[in-house]
Amino acid sequence: MKVLQSEESGKRVVFHAYDRKILALLCRNVRLPLAKIAQLLRLSRQSVEYRINVMEKMHVLEGSRAVINIQSLGHQSYHYFFALQDEKAEKKLKEQALASEMVNALITYSGRYTHEISILARSPAEAQHHFLFLTEGFSLTSVIPIVLLSKLKAEVLPELQHEYLPEIKHIRNDPSFSKQFTLPLQEYHLDMKDFELLYLLSQNARMSLLDLGKKTHLSSDAVSYRIKKLIRAKYLLEFRPVINFDALSYSLQAILIKARRSKAEDEQFCQYVRGDKSILWATELFGEYDYLLYVLSHSQDEIHTSVKGIQKAFPDYLVSYELLFAYKQHKYAFMTEGMRKMGD
């Protein structure tokens, strides 16, 4: 899944000359050292640090996350879309979802469905049990459970996906671990310390090896060794920044699509999605709908242009769709507290 805009809006931002390239490099790997970014862009380290500080003060950058392969940890993402109009019930649901050790995302919308909850669970039964627990006593309508299947696209900021960047050559003692992401799969069995490292990085991907060591009672060298193994074994998939899209004048919409499936048109649709610069994230679904897309736009005209583009490209393939306008993201994480405790 993706990282959406935060609840708090900053001032609107205009990129300076090198901001796009700096941000594009951070989107590729947010742990890249400032000195390496400076070398790649032929800037001083101080200039890079200053520009990143400005983006943080303007709320363009709001932290970082490590993307975790939840399937390799025996979990699946179960999403529930539903409508809830009672204000008191909505407040109570928010409190319970924020405190939940299984909920990794809560988003509110305007549209047919007013809420989306994502639960990371080991089985459909476990997810359903927790969803019923969270919503007990609430008057929900239009409840749609869906299971995320294969991911079609996952960008950090689509407008930068084609930004030209110099080649990142591997460096010794690289805190970004860029080389490990290019190496072939290597089997590795997790222990309690590994679960703790995964969880800490899922909350803050830029945490230093020293700080990670203090949290886990390991040496910096031991932390580095374990992170390399976690990457090689595909438990750790990516280090990415948290982008506040609202600060960049973007709004986010979710599109649930029901399609008339065929192998040929499925492939064509996937290619279309991957090439559309407005689509932030997309996945195939199991349930009432076939696809879930998250689309960024600067205006309602842009989102309607995106929808019409899909309709025009796939007039017979697209059976129906539901368009939801994101209002607030209350919670998002790539790993839950409940998953961290699996290592205990």
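Structural data are supplied above this passage.
So, a few notes on the structure that sits alongside this text. (Residues numbered from 1 in each chain as written. Predicted model: local features only at pLDDT ≥ 70, side-chain atom pairs only at ≥ 80, totals over all residues. Heavy atoms only, no water.)

1. Thoughts on the side chain of Arg65
Relative to the helices and strands, Arg65 is located in strand S1 (residues 61-68). One buried charged residue, Arg65, forms no salt bridge at all, with the nearest opposite charge on Glu62 at 8.3 Å. Among the polar contacts made by the side chain of Arg65, one reaches the main-chain carbonyl oxygen of Gln203 at a distance of 3.0 Å. Once residues within four sequence positions are removed from consideration, Arg65 is found in contact with Leu201, Ser202, Gln203, Ala205, Glu238, Phe239, Arg240, Val242, Tyr332 and Phe334. (Helix = DSSP H or I, 4+ residues; strand = E, 2+ residues; numbered from the N terminus. Buried < 20%, exposed > 50% of the residue type's maximum accessible area, 1.4 Å probe, protein only. Lys, Arg positive; Asp, Glu negative; His and termini not counted. Salt bridge = Lys/Arg side-chain N within 4 Å of Asp/Glu carboxyl O. Polar contact = N/O pair within 3.5 Å; in protein donor to acceptor, adjacent residues only side chain to side chain. Contact = heavy atoms within 4.5 Å.)

2. A closer look at unusual backbone geometry
With phi around 55 degrees, Ser142 is a residue other than glycine that occupies positive phi space. Here Ser142 lies in strand S5 (residues 141-154). By relative accessible area, Ser142 is classed as partly exposed at 31%. Phi is positive for Lys234, close to 65 degrees, though the residue is something other than glycine. Among the structural elements, Lys234 can be located in the loop between helix H8 (220-232) and strand S6 (236-243).

3. Description of H8
The first and last C-alpha atoms of H8 sit 18 Å apart over 13 residues, in line with the 18 Å expected at 1.5 Å per residue. Every buried residue belonging to H8 is among Val223, Ser224, Arg226, Ile227, Leu230, Ile231 and Arg232, and all of these are buried. Buried residues belonging to H8 abut helix H6 (192-203), helix H7 (209-216) and S6. Residue Lys234 follows H8 closely and has a positive phi angle near 65 degrees. (Expected span 1.5 Å × (residues − 1).)

4. Digging into the environment of Leu32
Relative to the helices and strands, Leu32 resides in the loop between helix H1 (19-28) and helix H2 (34-41). On a C-alpha basis, the gap between Leu32 and Lys277 in space is 25 Å, while along the polypeptide they are 245 residues apart. What Leu32 contacts, discounting residues up to four positions off in sequence, is Leu25, Ile37, Ile168, Ser176 and Ser178.

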